[in-house]
Amino acid sequence: MPSYKAPLREYNFLLYELLGIQQYSNLPGFADASEDLVRAILEEAAKLTEEVLQPLNQVGDREGCKLENGEVTTPTGFKEAYKTLVEGGWPALVVDPEYGGQGLPNSLGVIFNEMVSSANMAFGMYPGLSHGAYSAIHQHGTDEQKQKYLPKLVSGEWTGTMNLTEPHCGTDLGLLRTKAVPQGDGSFKISGQKIFISAGEHDLAENILHLVLARIEGGPAGVKGISLFLVPKYFVNEDGSLGERNGVSCGSLEEKMGIHGNATCVLNYDDAVGWLVGEEHKGLRAMFTMMNEARLGVGLQGLSQSEVAYQNAAEYALERLQGRSLTGPKVEDKPADPLIVHPDIRRMLLNARSFNEGARALLVWTALHGDLSHKSEDEKTREFGDDMMALLTPVLKGHLTDRGFLNAVEAQQVYGGHGYIGEWGMEQFVRDARIAMIYEGANGVQALDLVGRKLASNGGRAVFAFFKEVDEFVSANEGNAKLKPYLEPVKLARKRLEEATMWFMENALENPDNAGAGSTPYMHLFGITGIAFMWAMMAKVALDKLEEGAGDQAEFYETKLTTGLFYMQQAVPETAMQLERVRAGSSNMMALAANDF
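Owing to the predicted nature of the structure, the values given are computational and were not obtained by experimental measurement.

## Focus: the packing of aromatic side chains
Consideration 1: Scanning the entire structure with this criterion turns up 23 aromatic pairs.
Consideration 2: When the centroid spacing of 5.7 Å and the interplanar angle of 65° are considered together, the rings of Y415 and W424 count as edge-to-face.
Consideration 3: Judged by its relative accessible area of 6%, Y415 falls in the buried class.
Consideration 4: Grouped by ring-pair contacts, the aromatic residues W365, F384, F464, F466, F467, F473, W503, F504, Y522, F526 and F533 constitute a single cluster.
Consideration 5: Positioned above the aromatic ring of F405 is the side chain of R434, whose terminal nitrogen or guanidinium carbon lies 5.6 Å from the ring centre.
Consideration 6: One cation-aromatic arrangement involves R494 over F467; the distance from NZ or CZ to the ring centre is 4.6 Å.

## Here's the deal with helix α6 (residues 121-140)
Consideration 1: Taking 1.5 Å of rise per residue, the 20 residues of α6 would be expected to cover 28 Å, and the 28 Å separating its terminal C-alpha atoms lies within 8% of that figure.
Consideration 2: When the local axis directions of α6 are compared, the greatest deviation, roughly 25°, occurs at P127.
Consideration 3: Along α6, 15 of the 20 residues are buried, which leaves the element largely enclosed by surrounding structure.

## Notes on the packing of helix α13 (residues 461-477) against helix α14 (residues 484-507)
Consideration 1: With their axes 11 Å apart at the nearest point, α13 and α14 run at an angle of 155° to one another. Considering their axes alone, α13 and α14 lie roughly antiparallel with respect to each other. Viewed along their axes, α13 and α14 form a crossing whose handedness is left-handed. Counting all contacts with α13, which are made through V463, F464, F466, F467, V470, D471, F473, V474 and N477, the residues of α14 involved are L487, V490, K491, R494, L497, E498, T501, M502 and M505.
Consideration 2: Per-class residue counts for the contact of α13 with α14 are twelve nonpolar, two polar and four charged.

## Here's the deal with the side chain of H202
Consideration 1: As for its placement among the helices and strands, H202 is situated in the loop between β5 (187-198) and β6 (207-216).
Consideration 2: Here H202 falls in the buried class, since its relative accessible area comes to 2%.
Consideration 3: Reaching out from H202, the side chain makes a polar contact with the side chain of T159 at a distance of 2.9 Å.
Consideration 4: Of note is the side chain of H202, whose polar atom sits 3.1 Å from the backbone nitrogen of L204.
Consideration 5: Once you skip the residues sitting within four places of it in the chain, H202 turns out to touch V72, T74, Y126, T159, I208 and K233.

## Quick notes on unusual backbone geometry
Consideration 1: In this structure, N69 is a non-glycine residue whose phi angle is positive, near 55°.
Consideration 2: You can see N69 is positioned in the loop between β1 (66-68) and β2 (71-73).
Consideration 3: For N69, a relative accessible area of 80% gives the class exposed.
Consideration 4: For F196, which is not a glycine, the phi torsion comes out positive at approximately 60°.
Consideration 5: Relative to the elements of secondary structure, F196 occurs in strand β5.

Reading the values: rules and limits
Residues numbered from 1 in each chain as written. Predicted model: local features only at pLDDT ≥ 70, side-chain atom pairs only at ≥ 80, totals over all residues. Heavy atoms only, no water. Phe/Tyr/Trp six-rings, centres within 6.5 Å; stacked < 30°, edge-to-face > 60°. Buried < 20%, exposed > 50% of the residue type's maximum accessible area, 1.4 Å probe, protein only. Lys NZ or Arg CZ within 6 Å of the ring centre and 35° of its normal. Helix = DSSP H or I, 4+ residues; strand = E, 2+ residues; numbered from the N terminus. Expected span 1.5 Å × (residues − 1). Bend = angle between axes of the 7 residues up to and from the residue. Axes fitted to C-alpha atoms, helices over the stretch in contact; angles between N-to-C directions. Parallel < 35°, antiparallel > 145°, perpendicular 65-115°, else oblique. Left-handed = near helix turned anticlockwise from the far one by under 90°. Contact = heavy atoms within 4.5 Å. Nonpolar A, V, L, I, M, F, W, Y, C, P; charged D, E, K, R; others polar. Polar contact = N/O pair within 3.5 Å; in protein donor to acceptor, adjacent residues only side chain to side chain.

Below, the structure is given as structure tokens:
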């Protein structure tokens, strides 16, 4: 039976020792986030995720969701768990106090969401998508829409969805056919079909707010003619009560490889009434508010499945007796040694652990800069935060989910044959992790976004700001001999990342296929470099703490140094391979005629 334990010590290390969020206590949101309050929130979140959500993970996987007469029933226990979530005020954690939120920093929300996703990824998608809907309405909706819909989204009484994909088009949204016909009173009649709609219909909340991309009748072709509409499942009366059912219905539930506990729906819109969110024909801009947030959330899912898979595999390796150590028996009074004595088992476990801790640091570091981009009084700080959020979103989505899936597979491998058997839970982590590489923009699309858009944005300002951040840290610590094993790999990875960046600048304009061919290797090169940078910073903190005298925390910091050194020695060398793949260009890749495949 799988288990999950929230890594509270890791979170406190990141927030207060690495990132020092206490220094921002003069800023909105941070001012209310005292260290005592944050620790209490994280402890309560751990109880919720470990005791309420995690025990339902296999239940949701076995039972799935059921559709009868247009109504979807979620797995046993989900409805009660969602009620507990709402009563605890968790959906309101990081949202605007004007609409009933607690207004705490989003970096704290990222940590909470990792806990939820690690405990029960399918369940976490219900409130997760609602927060994306909240953000889109909050940023682009009218005052009337905000007052009417946001308080119920914030409380969790209502949930939200995002409706992009149609049967004939996925990423290429310019092909969408869902149409919107103006009614003369400010409303539109929406008709069409959307597929792969996560949490599109369920029994957890009394209303669902669908954010739907559609083309206004007579609007421009392609993406320039797309608008965003708010289509509630039930109409909302003037007094806030619910009225009649709208013309949106669940036609079927998708039969999926994983995340069975989440209702992935085909939604049919038959003259459903909707209201424009944002400007006409500017729907993608409004939807990207939701999509970018969702992409960070999916990157987090890659980390979460890697984390929970690692935790269970490590526990199994400590208990399972199998074979003898290559250097002689370690437990002589037993018939075999535990799996943990074998170097290859340790390789797989440390691959996951060193990634998890470094990726978590990069995710929270990015989220913190996202907070500062909105709340800092310094213009340069806000600009840097905006740049890092834009630049690193595709890296976090793509690299964390690719690597997270591989780590889940290796954690499964630790179990041998038992990893293939359902009761141990490992094969569910593998299946659940796989979708994160596909949805919210497949990882190849993330890589193209990184290379094709983010690198060139503002003349390359963001990527050079990242290089500067790394360079300043390295320069400030060059004299620290103990830190050298961490600094040298970071310098090497950063050098290779810059070489790959410059190669694109010199070769992608003359042949765009060069950018396409090297985009995925570049994304992973960037991801490894970013995580290595985090490990160098974490190693400095650990060394400083040990120098000061860490007392009963010494083992924690020594373990940090050992784990970080493994990442530097085992993961950073991959950057050489990724650089060579970028430099190979597209000529060989594009040489075969299509009919030769």
